[in-house]
Amino acid sequence: MNINTRIWENSIADLPKGDQQAEQFEHYAREFFIPDSIAPAKYLANVAALIQQPNEEGDIEPVASAAKMSQSPERPQGFPVWFLAAYPDVALWFSSQEGPDRTTLDAEVTRRSTAEGSPVSRLVDEHGFFAHAVLRTMIDLYREQTGLALESMAPDADLQEEGTATATNEQALTAQQAVDLMAASITRYERELATSYGDRFLDMRPRLTAAGLLQLGYYVLVDHTIPITALIRAADQAVLAEDPVVEFVEQLDVEVFCAEGGGADRKRIEEACHLLRSRILDVVLQTRADFEEAPSLGQATRNFMEQPQFEPLRQAIGILPPT
């Protein structure tokens, strides 16, 4: 199993049993998202853009086609939101076909869908959306006729089977970039929290925890591979270090690599992350020196600190209410 599939499987496992919407989502995941390697983070970012809600994925931007649809008053007709979020490029491509090209495409969609056993009368469901057999055919035709990869696909690193041989140089570089991103993002979040909401924290422990949650929200709140108690524990230990942010980043790197490694040797990961400590320190110091509010991170911070739905999380972390 690769990382991308495991994230979807973990998300499905936590769905309430007997709930119709949960069962429908499990079907989407098993029949579409997992086989097509749709990235959960991209999917959620696309959903947020389409329904015009704040993106809880922080720095993850919607793919180009989803962003285009979010800015348009008209969207492709006949597609449910879950499909538009996972396959916005397919929906735009199909809807852009006109004249003879559209006639030919419609005929091929009908031919293939009915060949799979769906009668013509069932090519549209009771809600007026294209039936699943039709949607699957559209995805296949998009790939065949355009030769393009799906925009919402996960990166190659997340599609490598876990437990395979040693990483390539490219994968190692990706891991190094992930460490740099973690160090820079958590430093910026911590600085923004201290600058804009300093009176809401009794000490640095809850501020570090909040910065970690803002960076790792998907792992904690969606995938559930990192418990919030791990962030709190890391913050408790980090405040005793010479530079709490550097220590905190190192510990969270361990949590992330363990979560993505699917049971990999924690001791080995801890040793590897400790070897990167000097690099983490360099990134933290440089980010502090260059600190300026990044609009995407600033918005995510404001959402977390001000929106009512996050109050239980703020209380759990130990963030004070506004005065």
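Owing to the predicted nature of the structure, the values given are computational and were not obtained by experimental measurement.

Conventions adopted
- Residues numbered from 1 in each chain as written.
- Predicted model: local features only at pLDDT ≥ 70, side-chain atom pairs only at ≥ 80, totals over all residues.
- Heavy atoms only, no water.
- Helix = DSSP H or I, 4+ residues; strand = E, 2+ residues; numbered from the N terminus.
- Contact = heavy atoms within 4.5 Å.
- Areas by Shrake-Rupley, 256 points an atom, 1.4 Å probe, with all protein chains shown as cover.
- Core = buried A, V, L, I, M, F, W, Y, C linked by side-chain atoms within 4.5 Å.
- Buried < 20%, exposed > 50% of the residue type's maximum accessible area, 1.4 Å probe, protein only.
- Salt bridge = Lys/Arg side-chain N within 4 Å of Asp/Glu carboxyl O.
- Phe/Tyr/Trp six-rings, centres within 6.5 Å; stacked < 30°, edge-to-face > 60°.
- Arc of directions from axis to C-beta.
- Axes fitted to C-alpha atoms, helices over the stretch in contact; angles between N-to-C directions.
- Parallel < 35°, antiparallel > 145°, perpendicular 65-115°, else oblique.
- Left-handed = near helix turned anticlockwise from the far one by under 90°.
- Nonpolar A, V, L, I, M, F, W, Y, C, P; charged D, E, K, R; others polar.
- Polar contact = N/O pair within 3.5 Å; in protein donor to acceptor, adjacent residues only side chain to side chain.

Colleague: Account for the overall build of the chain, with residues named and values stated.
Modeller: Tallying secondary structure elements over the chain gives 18 helices and zero strands in all. A fraction of 66% describes how many contacts in the chain between residues 6 or more apart in sequence connect residues 24 or more apart. With an accessible surface of roughly 16600 Å², the chain has 52% of that area assigned to carbon and sulfur atoms.

Colleague: Residue-level account of the nonpolar core, with values.
Modeller: By size, the foremost hydrophobic cluster in this structure holds 41 residues, and its most contacted members are Leu193, Ile226, Phe248, Leu252 and Phe304. When residues of this core are traced back to their parent elements, those giving at least two are helix H10 (169–197), helix H11 (204–215), helix H12 (217–222), helix H13 (228–238), helix H14 (244–261), helix H16 (277–289), helix H17 (295–306) and helix H18 (311–317). Looking at this core, the element that brings in the most residues is H10, giving eight residues. Residues in contact with leucine 252, not counting those within four places in the same chain, are Met182, Ile186, Gly212, Leu216, Leu231 and Ala234. The next biggest cluster of nonpolar side chains, apart from the first, holds 35 residues, and it includes Ala29, Ala85, Phe94 and Ala131.

Colleague: Describe the pattern of salt bridges, and please don't skip the residues or the numbers.
Modeller: As enumerated under the stated definition, the model contains 20 salt bridges in all. Arginine 30 is the salt-bridge partner of glutamate 26, the closest N and O atoms lying 3.2 Å from each other. Of this pair, glutamate 26 and arginine 30 both sit in helix H2 (residues 20–33), four residues apart, which is roughly one turn of that helix. Its salt-bridge partner being arginine 112, residue glutamate 108 comes within 2.7 Å of it at the nearest N-O pair. Of this pair, glutamate 108 and arginine 112 both sit in helix H7 (residues 99–115), four residues apart, which is roughly one turn of that helix. Assessed through its relative accessible area of 22%, arginine 112 is described here as partly exposed. Salt bridges sharing common partners tie together Asp36, Arg136, Asp140 and Arg143.

Colleague: Just give me the short version of the packing of aromatic side chains, but keep the residues and values in it.
Modeller: According to the stated counting rule, one finds 18 aromatic pairs in the structure shown. Ring plane angle 50° and centroid distance 6.1 Å describe the contact between tryptophan 8 and phenylalanine 25, whose orientation is recorded as tilted. Separated by 17 residues along the polypeptide, tryptophan 8 in helix H1 (residues 3–13) and phenylalanine 25 in helix H2 bring together distant segments of the chain. Taking the relative accessible area as the measure of exposure, tryptophan 8 reaches 3% and is therefore buried. Each residue in the set Trp8, Phe25, Tyr28, Phe32, Phe33, Tyr43, Phe79, Trp82, Phe83, Tyr87, Phe94 and Phe130 is aromatic and connected to the rest through ring pairs, giving one cluster.

Colleague: With reference to specific residues and values, describe unusual backbone geometry.
Modeller: Glycine aside, residues mostly have negative phi, and peptide bonds are mostly found in the trans state. In this structure, serine 37 takes a positive phi of about 60° despite not being glycine. Structurally, serine 37 is set in the loop between H2 and helix H3 (40–50).

Colleague: Describe the environment of glutamate 270, and please don't skip the residues or the numbers.
Modeller: Residue position: glutamate 270 is located in helix H15 (residues 266–275). Spatially, the C-alpha atom of glutamate 270 lies 8.6 Å from that of aspartate 253, the residues being 17 residues apart in sequence.

Colleague: Go over H13, please, and point to the residues and values.
Modeller: Listed as buried for H13 are Ala230, Leu231, Ala234, Ala235 and Ala238. Take H13 and look down its axis: the buried residues cluster within an arc of 135°, on one side only. Close packing links the buried residues of H13 with H11, H12 and H14.

Colleague: Tell me what's going on with the packing of H14 against H16, and back it up with residues and numbers.
Modeller: Where H14 meets H16, the axes come as close as 9 Å, and the angle between the chain directions of the two elements is 125°. For the element pair H14 / H16, the angle class is oblique. Crossing hand, H14 versus H16: right-handed. Packed against H14, whose contacting residues are Val245, Val246, Glu247, Val249, Glu250 and Asp253, the element H16 presents Arg277, Ile280, Leu281, Val284 and Arg288 at the interface. Among the residues forming the contact of H14 with H16, the class breakdown is six nonpolar, no polar and five charged.

Colleague: Which residues make up the packing of H7 against helix H8 (residues 132–146), and what values go with them?
Modeller: Relative orientation of the contacting elements H7 and H8 amounts to 125°, with a least axis distance of 9 Å. By the angle between their axes, H7 is oblique relative to H8. Helix-helix and strand crossings are classified by hand; for H7 and H8 the assignment is right-handed. Listed contacts from H8 to Leu105, Glu108, Val109, Arg112 and Ser113 of H7 are Ala133, Val134, Thr137, Met138, Asp140, Leu141, Glu144 and Gln145. For the contact of H7 with H8, the class distribution of residues is six nonpolar, three polar and four charged.

Colleague: I'd like to hear about H1, residue by residue, with values.
Modeller: With respect to burial, H1 is a largely interior element, eight of its eleven residues being buried. The set of residues buried in H1 consists of Ile3, Asn4, Thr5, Arg6, Ile7, Trp8, Ser11 and Ile12. The secondary structure elements touched by the buried residues of H1 are H2, H3, helix H9 (156–159), H12 and H14. Put simply, asparagine 2 is the residue that caps the front of H1, since its side-chain oxygen is 3.1 Å from the backbone nitrogen of asparagine 4.

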